[in-house]
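Examination of the molecular architecture
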Amino acid sequence: MAKQTLTHMLSLLFTRLHNATVRGTLGDALGEDDDTPSPGTSTANHHSRQSSMGGFTDPSTLAAAQLGPASDDASSEESKQIESADINETQPHETISTPESRTASLTSSLAVKRDPNDEFAYKDCFQTFRGLCKLSMKKVPPNINNLDSIEVRSKILSLELLLSIFDNSAYSFAGNARFVNSAIKKHLFMSLLMNGTSSISLVFRAAMSIFLALIREFREFLKTEIEVFFTTIILPLLESSTSSLQQKIIVVRDLHSICKTPQVIMDLFINYDCDAQGKDIVEQLVKVVSKLAQRKMPEVSTWGADTTEEENTLKQVCLKTLAVVAKSLSDWSQPLHPPASSQPGASSGETQLKRLQHELDAVEQQKTNKLLMDQGKEIFKDSWKKGMAFFIKNGLCQNTHEDIAKFLRYSPGLDKPMIGEYLAERDTFNNTVLNCYRDLFDFTGMHIDLALREFLAYFRIPGEGQKVDRVMVAFADRYIKDCPDAGFGNADAVYFLAFSIIMLATDQHSSSVKQKMKKEDWKRLLLGQNDGKDFDDTMLDGVFARIAAEELKLKDDAPPVAPVPASPNAPAPAATPEDPAIVIEKAKELIKDRQYAVPSFLSASNVHYAGLVVPCVSKSLLSAFSHILEDSSDEKLISMVLEGIRLSIGVACIFDRQSDLSALLTMVSQMTLLDSSSSKEMKSKNIDCTRLILGLPLTDGDYLGECWTFVVKVLSLVESLHTVNDSIPNQSPGGSQVRKPTPNNGVVSLESANAALITQAIPPSALDRIFTHSSTLDNIAVIAFVKAVCAVSADELAASNPRSYLLQKLVEIAAFNMKRVRGVWNEVWSIMAAHFTTAALHKNHHVANLALDSLKQSALKFLDREELNDMEFQALFMKPFVDVYDHELPKIRELVVHLLAMIMRAKASALNSGWACVFQVFGKTARDSFAISELGLSFLAEAREKHFAHFADTYLVDYFQSVSCFATEPKSPEKNAIKALTHLRAGAADLISGRILIKRRDGSVVSSDLFENDEETAAVWLAILKGLALAVSHPDINIRPTALEVLSDTLMTHGNHFSAPLMSRVFREVLLPIFDGVLTQARSEDNLSDSEWLLTTCLKASHAVLNVYSHFYDSISFLLSDLLRLIHSFVVQENETLATFGVTSYETLLSSCSARFTEEMWLEVARYTAGLIRESTPLKQIRLAFAPEPVQDESPSQSSDLGTGGELPKPVLLENALNRSGSVSPVSSPAIKRVESSGAVTPRASIDRSQAPATPSTPASAIPASVSTPRSMSTSRRNRIMSVGDFRRKIALGKVRIQSLLIRAVRERVIEQHGSSLDSAALSDCLDSFLDARATVRTLVRDPQLRAVTEQSTLSDAILRLETESLTTYVNALFSCRDNGTLDIMHLLDARLEALIELLVKEHLEAPRDGPNESGLALLLTSLVNFPPDTFKVYARKFYAQLVELCMSESVKVRGTLRDVLSRIGDVAGIDEK
């Protein structure tokens, strides 16, 4: 009853304080001492005011009256000491940060004039509160352990009354910073430090309850005090092995109460765990509680009694606390958490979002800095240089003297010996830092030993003498400045005494010093050291006494650890450094020096703060949960653990903590025992773990990410057990109840029992619900889900006994998610398609069939959706069919063809871009077996006959390309190839007739009268013509001529419907590339091997190309350069047959088109001809042919610049040929059989291979013997037995022949027939090329060694013929062009003729038996005789001297022609021969 009365009185008292606070009439007493009456108020008046309030007295007096006489005065001195202490003397007063209403209340109270009555109300409350605190701090005598004793009862009562104030009246001073600083910090906190270590359960419980109330209501004012209490009382008590279980239970229950409020736990985290200078309160608490939850239950505890029940209670409380931590994080992280609305005056919209983001960034940076700080401390411990460099680099400290000094002074946890090493370093920078560090201390009014003790408390002075000297000098300078009147003559005196004090402390407290120094001896050493005088004797006595009593020691960064009683009944310990009074003193020092990176207390308001907590507590939560889950069978504990795991998973999901989520799910997955269901018996906790995982998709599916794999893996294993259970015969008729089999000795029975349990607990419908729910997942989550299903399905298929459960479920997933946006569906299907493709390529025939069937089902469902324009999703969807066709099993390939045919028949009207895949697969069948090839071609025919209208508008090109595969594929049977050629011919005819219409993208129809070179038109025609052109190179000799005939007839018949640009494109992209293969082969190492295609088809193909050019010359005459490049590519080859075809083509081109050449075209032909003659020179080949050993020719190829009348530039066609790798397979060519009247193409029945085909335009001499005679030996064998020299000589001989043939062709086709069409520049180019060819040969003739070896071979005659051919051609050109040329040309040729006569006469006289020279000279003289009289007279006068010289010639032929010249001279001069 008395207690209730006191409680009611206190409530009334603090209600008056609340009213005063609301009125705002209380003054600012932050700078006052509330232990004394306010100024202007006498003590008498004060007590009189108490009487008028109802006679309230100090609660300590009242409690004494209630409980009996007061305790002894043993603690009176202690009470006075505590009462006089003010822990906030040097600490700046904290401002109230939250809630804002308290700040507003306090601010308003400062602006209102103080009311004396309200001041009395405040003083009454303060003194009452202080009295209760004093009463609660009175020590209980060691011999009193009875709870009924007055001392214990008064302590308990005072604490309970204090607690009632917080429970009932905390609102009255919640916004009063004056009361907080004067009463709570100064008195209540000291009481909690003392009673928080009590072994009396009720006292300890009451103290913890009050602390809990402080955290809930006043944490924003008590930032430092809360940390000190946690690190001084709570954490040591929980970690101690000597504290009682009851104490641990009380603490953990209070922590549970704290953690139930998300705001509290988040506030603690961001103010301590995220502060670089703070302790990790939340992380350490969770870690300690986790360890307690995992502790093993001893049969008999350290207390000597059976404490199993208490141990179990502690474990349960710890698990509840861990679970509530996870729940608080989960609650805080809910998206609907309204941080903005809970803050009055908070801005909204974009400004609010920016503010929240700014707060989050700031807290994240604080946490990052703290982690960096911890890392830097470890580095600093090993090396102060590396450590400081790390701190500066990461922005934890600025590289200035002042900042480094403050950093070393106020950063807790830095290695103190290393701090000393840094400060004592001789470097100038370090010395300046030492001076700045020294200036952070204020030694005013302090004895020198106390100042030195304070100075050396924060770092360990190095042992080296010079370093000690530097530190002492710095100290002396500061001390003499702060204490100029302390009796020291100068700084040197301070230095000497400080050094002596250090030596004295070492002497007095070192265990290695046996005989301690006496005071007199120490004082004797100091005589005369105070600037020539003695130190004050009294001062030295005090220094010696204090140093002897307490050594110089470092201040510990860690908070003071409160004593933990050994047992509830143990007596109170004696006064030791761990005595509560000492703990309080140390706590006051720690609070005094405490500094935070963020001084004010922050109130958490951002939902994302929980994401910072997760990585700090996840390991501890996981460790405790996994331990209990594995070792315990207690259903209550298991239930709490699973709830905690579920909440932890939820938080990890929300903040995308994939590593933490993976660890949690790994642990839970292992506890399902699904992987070992055949060897371990499942229990209810294993079933619960399975349920937990399978429930995640329905609650957290959007956040699982890569951890979907765990869920799908469990799902697959559960389904496998369902399959096992279905095979159990002992089921009830309805199938709803499954009787659990009794496990026998066999493994199968155990697996059956587990399967029955799983089926009872998790029916198949629960699994199906997961797949159905996939349609509700967000876009990112469904992609992750599909990836996981495919990955686990791959594992199912890779097993020794493949399972197809997930493979079949993919069809359902596709159906459920088919309506998603196209971009997402595209990515989802690309993942599925890759897996379907892999599954369909499985070596197991059943798996492959099942995958293809799944593909077909998905395709049929997908094709029901309309495809948007320009969106080729059908092609992407059906691409797996294309990829699967590469399966090694013919049955699978045939199945793919049939499935696509089925889709085509069922969904032809819905197919759009899917036609591309259909035609691609049908085209691939061309390279397959005859049966599959026939199947593919027949389906193509069916597509054209029945479904042409569905693909004609858009996929006509794909159709023709697919058909072309049968005509071009080397493995394609001849019958199918001929059918394909027929289809292509018919397609071209239908395009011309208009039966097939080409539609442009804009919807317009292409006219069949004239096909322009637009994208759509060109694509269709090129698909047809390229297929025919590629068939011309088919390895089957029975197919090539048919293809060439169809190609030639198509162009000759329908080419007039092509525009000039389209025909030009056909020429360059269809006709000219026909010869790329043979040119590539000609450049290979086996460049003398005449392939069958070269011997049988090449010349006909080139003639066909020239015929097309000639036929459509008027529209494509500008393609002359392309033809010349092609011919150039032929002629310059070392393969004689190919080069011969080039010369023949050159003649054919000129004979058919030269009459229509313009002057510009003739100039181009002349320049091309000159360059061609120069490039075909055989000099390099001849020298290589007679080299003594193989030589790699490093000289550049002979060439000349076209700009100066040289060769044509290197053709693009030749460059393409050179850039290709490989060579064309040897091919052959029959004659082309004429197309029958029906238009169908039939193969030639038999081919005459005895000789190469001859054409009327090809002289027999132009075809080398190697072409006209069959080979008696394979090329490869002949090359193997042919020596290098023979090989090279054959090349050289061929080059000589080709140049002779080329010069003859130029003479006959250009000079003789069209010489008058050449202008002077073109004519000079040709003439120079003839002379260059002769000069090349003359170079060989002048080389004695080369001439000697060539004369021994057939090459000699060919060389002489070449020289004669080039010279006679030049002479004939001079005379024939002179007669038909203009005056300019005549002058040009006359000059050349004069030079030639001089050259030939000179050469003849030097070498009269030179056959070519002799022939050329004779021809020249004979031609000269035929000049008209006037012209002859002119030349006779010019060359008379040379003619006279020729009289000495030994050549009968030359003398004979000379006789004719002299006779003509006589006739012209009128001299009779007689």
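None of these values were measured; they are calculated from a predicted model.

The helix and strand inventory of the chain stands at 65 helices and zero strands. Put simply, the chain has 1474 residues, and 53% of those count as buried. Long-range pairs, those at least 24 residues apart, make up 76% of the contacts in the chain with a sequence separation of at least 6. For the chain, the accessible area works out to roughly 64600 Å², and carbon and sulfur atoms hold 52% of it.

With that out of the way, let us pick up the pattern of salt bridges. Per the stated rule, a full pass over the model turns up 33 salt bridges. Residue Asp521 pairs with Arg524 through a salt bridge whose shortest N-O separation is 2.8 Å. Here Asp521 and its partner Arg524 are both found in helix 23 (residues 519-525), three residues apart, which amounts to about one turn of the helix. Measuring nitrogen to oxygen at the nearest pair gives 3.0 Å for the salt bridge that ties Arg905 to Glu942. Here Glu942 lies in helix 40 (residues 930-946) and Arg905 lies in helix 38 (residues 890-907), a separation of 37 residues in the sequence. The exposure class of Arg905 is partly exposed, given its relative accessible area of 47%. Each member of the salt-bridge network shares a partner with another, and the members are Arg438, Asp439, Asp477, Arg478 and Asp482.

A few words on helix 12 (residues 262-273). With twelve residues, helix 12 should cover 16 Å at 1.5 Å per step; its first-to-last C-alpha distance of 15 Å lies within 8% of that length. Of all twelve residues that make up helix 12, eleven are buried, and the element is covered over most of its length. Among the residues making up helix 12, those that are buried are Pro262, Val264, Ile265, Met266, Asp267, Leu268, Phe269, Ile270, Asn271, Tyr272 and Asp273.

Scanning the entire structure with this criterion turns up 48 aromatic pairs. With 5.8 Å between their ring centres and 70° between their planes, Phe919 and Tyr959 make a pair best called edge-to-face. Of this pair, Phe919 sits in helix 39 (residues 914-924) while Tyr959 sits in helix 42 (residues 956-968); the two residues are 40 residues apart in sequence, bridging distant segments of the chain. Through a chain of ring-to-ring contacts, three or more aromatic side chains come together here, namely Tyr437, Phe441, Phe443, Phe455, Tyr458, Phe459, Phe475, Tyr479, Phe488 and Phe535. In this arrangement the basic side chain of Arg409 is found over the ring face of Tyr458, its NZ or CZ atom lying 3.6 Å from the centre.

Where helix 63 (residues 1429-1438) contacts helix 65 (residues 1452-1469), the two axes come as close as 10 Å, and the packing angle between them is 115°. Like other packed secondary-structure pairs, helix 63 and helix 65 cross with a definite hand, here left-handed. Contacts between helix 63 and helix 65 involve Pro1429, Phe1432, Lys1433 and Ala1436 from the first element and Val1461, Arg1464, Ile1465 and Val1468 from the second.

This brings us to a positive patch on the surface. On the surface, Arg205, Arg253, Lys320 and Lys636 cluster together into a positively charged patch. Position of Lys636 relative to the elements: it lies in helix 27 (residues 635-654).

Within the secondary structure layout, Lys861 lies in helix 36 (residues 845-862). Residues Lys861 and Met818, spaced 43 residues apart in sequence, show a C-alpha to C-alpha distance of 8.9 Å. Sequence-distant contacts of Lys861, defined by excluding residues within four places in its chain, comprise Val811, Ala815 and Met818.

Before going further, it helps to spend a moment on helix 16 (residues 384-393). Listed in full, the buried residues belonging to helix 16 are Trp384, Gly387, Met388, Phe390 and Phe391. When helix 16 is viewed along its axis, its buried side chains cluster within an angular range of 155° and face the same direction. More than 90 degrees from the buried face of helix 16, the exposed residues found are Lys385, Lys386 and Lys393. Gly395 occupies a position one or two residues after helix 16 and carries a positive phi of about 75°.

This paragraph deals with the packing of helix 37 (residues 873-884) against helix 39. Between helix 37 and helix 39, the shortest axis-to-axis distance is 7 Å and the interhelical angle comes to 20°. Accordingly, the angle class assigned to the pair helix 37 and helix 39 is roughly parallel. Along this stretch, helix 37 crosses helix 39, giving a crossing that reads as right-handed. Here Gln874, Ala875, Met878, Lys879, Phe881 and Val882 of helix 37 lie close against helix 39, whose contacting residues are Gly914, Cys917, Val918, Gln920, Val921 and Lys924. Among the residues making up the contact of helix 37 with helix 39, the classes are represented as seven nonpolar, three polar and two charged.

Okay, the environment of Leu696 next. Assignment of secondary structure puts Leu696 in helix 29 (residues 684-700). C-alpha of Leu696 to C-alpha of Gly650: the two residues are 46 residues apart in sequence and 8.6 Å apart in space.

A positive phi angle, near 55°, is found at Asp531, a position not held by glycine. With respect to the secondary-structure elements, Asp531 resides in the loop between helix 23 and helix 24 (537-549). A relative accessible area of 49% places Asp531 in the partly exposed class. Phi is positive for Leu673, which is not a glycine, with a value near 60°. Among the residues examined, Leu673 registers a relative accessible area of 15% and is labelled buried.

Once that is clear, we can look at the nonpolar core. Of all hydrophobic cores here, the largest spans 369 residues; its most connected members are Phe129, Ile184, Phe218, Phe230 and Tyr1109. Discounting residues that sit within four places of it in the chain, Phe230 has contacts with Phe211, Ile215, Leu235, Pro236, Leu255, Ile258, Leu268, Ile281 and Leu285.

Reading the values: rules and limits
- Residues numbered from 1 in each chain as written.
- Predicted model: local features only at pLDDT ≥ 70, side-chain atom pairs only at ≥ 80, totals over all residues.
- Heavy atoms only, no water.
- Helix = DSSP H or I, 4+ residues; strand = E, 2+ residues; numbered from the N terminus.
- Buried < 20%, exposed > 50% of the residue type's maximum accessible area, 1.4 Å probe, protein only.
- Contact = heavy atoms within 4.5 Å.
- Areas by Shrake-Rupley, 256 points an atom, 1.4 Å probe, with all protein chains shown as cover.
- Salt bridge = Lys/Arg side-chain N within 4 Å of Asp/Glu carboxyl O.
- Expected span 1.5 Å × (residues − 1).
- Phe/Tyr/Trp six-rings, centres within 6.5 Å; stacked < 30°, edge-to-face > 60°.
- Lys NZ or Arg CZ within 6 Å of the ring centre and 35° of its normal.
- Axes fitted to C-alpha atoms, helices over the stretch in contact; angles between N-to-C directions.
- Left-handed = near helix turned anticlockwise from the far one by under 90°.
- Patch = residues over 30% accessible without salt bridge, like charges linked within 9 Å, V, L, I, M, F, W, Y side chains within 5 Å.
- Lys, Arg positive; Asp, Glu negative; His and termini not counted.
- Charge placed at Lys NZ, Arg CZ, Asp CG, Glu CD.
- Arc of directions from axis to C-beta.
- Parallel < 35°, antiparallel > 145°, perpendicular 65-115°, else oblique.
- Nonpolar A, V, L, I, M, F, W, Y, C, P; charged D, E, K, R; others polar.
- Core = buried A, V, L, I, M, F, W, Y, C linked by side-chain atoms within 4.5 Å.

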